[in-house]
Amino acid sequence: MNDPHYILLPANPLFIAFSLLVAFLLNLMPWGQMIGVPDFVALALVFWNIHQPRKVGISVAFLMGLLMDVNGATLLGENALAYTLLSYFAIMIHRRVLWFPLRTQALHVLPLLLLAQAVQLLIQLLVTGKYPHWFYFSESVISAILWPLVSALLLAPQRRAINRDDNRPI
């Protein structure tokens, strides 16, 4: 997956937007709000913040957070704050994370996802006073487990063939 023989093509902005839209639609599914189901928007944001920090920045994370706030009828700004912090820290460590294999990358992404969930939990505790189940943070663990699969799927359109063919331009 993270083979050094691969040369990645530049990421297509339309593909980035499409992947964020698909992640948003996956969160809109009825099972998207259940405990243990990963936050696909957070996962896609972390991926693009690590791989393309100049194309997907904090402002995109803030807008996606506002969309999730409106969708979930939560306190306006709850997801926006969590996604903004998530993106900020992902951009901070993006150069270091890319040096590691995918499993180690997942271990670097896990604390970021846990931080985003902790921010959401803190806001919910301050507003409602309710504490969710003990497996509330399983969402982040499952997202970290899915990191290699998400990386393979989102990097697939950027991969250039190892054996160059004279009949293909790239």
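Scroll up for the structure.
Here the structure is a predicted model, which is why all the values come from computation and not from measurement.

Things to note about the overall build of the chain
Piece 1. Within the chain, the regular secondary structure consists of seven helices and zero strands.
Piece 2. What you see in the chain, going N to C, is helices and strands ordered as α-α-α-α-α-α-α.
Piece 3. A total of 170 residues make up the chain; the buried ones form 41% of that total.
Piece 4. Relative to all contacts within the chain whose residues are 6 or more apart in sequence, the contacts with residues 24 or more apart total 70%.
Piece 5. With an accessible surface of roughly 9900 Å², the chain has 70% of that area assigned to carbon and sulfur atoms.

Focus: the side chain of Q120
Piece 1. Assignment of secondary structure puts Q120 in helix α6 (residues 102-128).
Piece 2. Residue classification places Q120 among the buried residues on the basis of a relative accessible area of 7%.
Piece 3. Sequence-distant contacts of Q120, defined by excluding residues within four places in its chain, comprise E78, N79, A82 and Y136.

Focus: empty space enclosed by the protein
If you roll a probe as big as a water molecule over the atoms, it shows you where there is empty space left.
Piece 1. All chains considered together, the criterion is met by one cavity of 30 Å³ or more.
Piece 2. The calculated volume of the largest cavity comes to roughly 70 Å³.
Piece 3. Elements represented by at least two residues in the lining of the largest cavity include exactly α6 and α7 (138-155).
Piece 4. It is α6 that provides the largest number of residues to the lining of the largest cavity, a total of four residues.
Piece 5. Classifying every residue of the lining of the largest cavity gives four nonpolar, four polar and two charged.

Looking at the packing of helix α3 (residues 58-72) against helix α4 (residues 78-92)
Piece 1. The N-to-C vectors of α3 and α4 enclose an angle of 155 degrees; their axes lie 7 Å apart at closest approach. Here α3 lies roughly antiparallel to α4, going by the angle between them. The crossing of α3 and α4 is right-handed. In this structure, α3 contributes I58, A61, F62, M64, G65, L66, M68 and D69 to the contact, and α4 contributes E78, N79, A80, Y83, T84, S87, Y88 and I91.
Piece 2. The residue inventory of the contact of α3 with α4, partitioned by class, reads ten nonpolar, four polar and two charged.

Considerations on helix α1 (residues 13-28)
Quick reminder: α-helices carry 3.6 residues per turn. Residues three or four places apart thus point the same way.
Piece 1. With 16 residues, α1 should reach 22 Å at 1.5 Å per residue; the first-to-last C-alpha distance of 23 Å fits that figure.
Piece 2. Listed as buried for α1 are I16, S19, L20, A23, F24 and N27. Buried residues of α1 fall within an arc of 140 degrees about the axis and therefore sit on the same side.
Piece 3. The backbone nitrogen of L14 lies 3.1 Å from a side-chain oxygen of the residue at the head of α1, namely N12.

A few points about the nonpolar core
Piece 1. Judged by nonpolar contacts, the single largest core of 38 residues is most densely connected at V41, L45, W48, Y83, L86 and W147.
Piece 2. Among the elements of the structure, α1, α2 (40-51), α3, α4, α6 and α7 are those that each provide at least two residues to this core.

Observations concerning the side chain of N49
Piece 1. Counting through the fold element by element, N49 comes out in helix α2.
Piece 2. Looking at N49, the relative accessible area reads 0%, which means it is buried.

As for the layout of surface pockets
Piece 1. Taken as a whole, the largest pocket encloses approximately 440 Å³ of empty space.
Piece 2. Lining of the largest pocket is provided by 21 residues; of these, Q33, Q120, Q124, Y136 and E139 occupy positions nearest its centre.
Piece 3. The set of elements that each furnish at least two residues to the lining of the largest pocket consists of α3, α4 and α6.
Piece 4. For the lining of the largest pocket, the per-class residue count stands at eight nonpolar, ten polar and three charged.

About the thresholds
Residues numbered from 1 in each chain as written. Predicted model: local features only at pLDDT ≥ 70, side-chain atom pairs only at ≥ 80, totals over all residues. Heavy atoms only, no water. Helix = DSSP H or I, 4+ residues; strand = E, 2+ residues; numbered from the N terminus. Buried < 20%, exposed > 50% of the residue type's maximum accessible area, 1.4 Å probe, protein only. Contact = heavy atoms within 4.5 Å. Areas by Shrake-Rupley, 256 points an atom, 1.4 Å probe, with all protein chains shown as cover. 1 Å grid on protein atoms, 1.4 Å probe; cavity = no way out; pocket = protein on both sides within 12 Å on 5 of 7 lines; lining within 4 Å. Points joined across faces, edges and corners; volume = space filled by probe spheres on them. Nonpolar A, V, L, I, M, F, W, Y, C, P; charged D, E, K, R; others polar. Axes fitted to C-alpha atoms, helices over the stretch in contact; angles between N-to-C directions. Parallel < 35°, antiparallel > 145°, perpendicular 65-115°, else oblique. Left-handed = near helix turned anticlockwise from the far one by under 90°. Expected span 1.5 Å × (residues − 1). Arc of directions from axis to C-beta. Polar contact = N/O pair within 3.5 Å; in protein donor to acceptor, adjacent residues only side chain to side chain. Core = buried A, V, L, I, M, F, W, Y, C linked by side-chain atoms within 4.5 Å.

On their own, these measurements won't tell you what the molecule is for.
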